[in-house]
Amino acid sequence: KQRKQIVYGARSIEAQAGLLSRSTKDYDIFDKNPKKSTKLLHKLLDKKAGFDYYYMKEAEHKGTWKVKGRGNDNIKGTEDDESIADYTKPDSKVPFVVRNGVRYRILKQELAKKRIAVKDPAYEFRHAKDQDDINRIKGYLKIKKLVGVEVG
């Protein structure tokens, strides 16, 4: 809230579509300084845990930073590590709605981005997940339209 970050992806869909969203464990967040935000979250989580459990690393996509937990083996960089948050600098202005003081990318924008990802062969590994999100968003928007509620 304080850094005016914008949550996007599955958490954004969850915040806006509620029960019609799929479950997710991590957060995808737009921030003007993703490396700094990653470092701040990493330190905050370690402080709350009381020991050095979390770590940060640059993602495959340049400009994106991840906060991860070490998993059950408490060894950094192993298969059981858990993804906590991905921070990315947006490449353009991101339209958002505010729910409980948190900024979320609007659903119509989520839908447009998911449609682009499903057509991109580079993201084939996540096509099923993105298509599921598309179907859930479309279902939610259809219900809202039938009920007569304006949706972003």
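A brief look at the structure comes next. (Residues numbered from 1 in each chain as written. Predicted model: local features only at pLDDT ≥ 70, side-chain atom pairs only at ≥ 80, totals over all residues. Heavy atoms only, no water.)

**Some remarks on the pairing of strand E5 (residues 82–88)**
- In this sheet, E5 lies alongside strand E2 (residues 27–30) in parallel orientation, the contact comprising 4 bridges. In the strand pairing of E5, Phe30 is matched with Thr88.
- In this structure, strand E4 (residues 64–69) lies alongside E5, joined through 6 bridges in antiparallel fashion. Its bridge partner lying in E5, Lys68 is registered against Ser83. (Pairing = 2+ DSSP bridges. Helix = DSSP H or I, 4+ residues; strand = E, 2+ residues; numbered from the N terminus.)

**Structural notes on a positive patch on the surface**
- On the surface, a cluster of positive charge is contributed by Arg115, Lys119, Lys138 and Lys142.
- Elements with a minimum of two residues in the positive patch: helix H3 (107–119) and helix H4 (127–147). (Patch = residues over 30% accessible without salt bridge, like charges linked within 9 Å, V, L, I, M, F, W, Y side chains within 5 Å. Areas by Shrake-Rupley, 256 points an atom, 1.4 Å probe, with all protein chains shown as cover. Salt bridge = Lys/Arg side-chain N within 4 Å of Asp/Glu carboxyl O. Lys, Arg positive; Asp, Glu negative; His and termini not counted. Charge placed at Lys NZ, Arg CZ, Asp CG, Glu CD.)

**Side note on the side chain of Lys114**
- With respect to the helices, strands and loops of the structure, Lys114 is situated in helix H3.
- Look at Lys114 and you get buried, because its relative accessible area is 7%.
- In this view, Lys114 contacts Ile13, Arg22, Arg126, Asp130, Asp133 and Ile134; residues no more than four positions away in its chain are not counted. (Buried < 20%, exposed > 50% of the residue type's maximum accessible area, 1.4 Å probe, protein only. Contact = heavy atoms within 4.5 Å.)

**Overview of the pattern of salt bridges**
- A complete count under the given rule lists 9 salt bridges for this structure.
- A salt bridge links Arg3 to Asp31; the shortest N-O distance between them is 3.3 Å. With Arg3 in the segment before strand E1 (6–8) and Asp31 in the loop between E2 and helix H2 (34–49), the pair connects residues that are 28 residues apart, well separated along the chain.
- Its relative accessible area of 3% is what places Asp31 among the buried residues.
- Two residues, Arg70 and Asp52, come together in a salt bridge whose shortest N-O distance is 3.2 Å. Highlighted residues: Arg70 in the loop between E4 and E5 and Asp52 in the loop between H2 and strand E3 (54–58), separated in sequence by 18 residues.

**A few points about the nonpolar core**
- By size, the foremost hydrophobic cluster in this structure holds 12 residues: Val7, Ile29, Leu41, Leu45, Tyr53, Tyr54, Val67, Ala85, Tyr87, Val97, Tyr104 and Ile106.
- Elements supplying a minimum of two residues to this core: H2 and E5.
- Residues in contact with Leu41, not counting those within four places in the same chain, are Val67, Ala85 and Tyr87.
- With 8 residues, the next largest nonpolar core counts Ile13, Leu107, Ile137 and Leu141 among its residues. (Core = buried A, V, L, I, M, F, W, Y, C linked by side-chain atoms within 4.5 Å.)

**Examining H2**
- Along its 16 residues, H2 runs 22 Å from first to last C-alpha, staying within 8% of the 22 Å computed at 1.5 Å per residue.
- Pro34, Ser37, Thr38, Leu41, His42, Leu45 and Asp46 are the residues of H2 that are buried. Looking down the long axis of H2, one finds its buried residues gathered within 165 degrees of arc, a one-sided arrangement. Of the exposed residues in H2, the ones pointing more than 90 degrees away from its buried face are Lys43 and Lys47.
- Looking at the buried side of H2, the elements it contacts are E3, E4 and E5.
- Just downstream of H2, Gly50 is the residue with a positive phi angle, here 90 degrees. (Expected span 1.5 Å × (residues − 1). Arc of directions from axis to C-beta.)

Function cannot be inferred from these measures alone, as they are strictly geometric.
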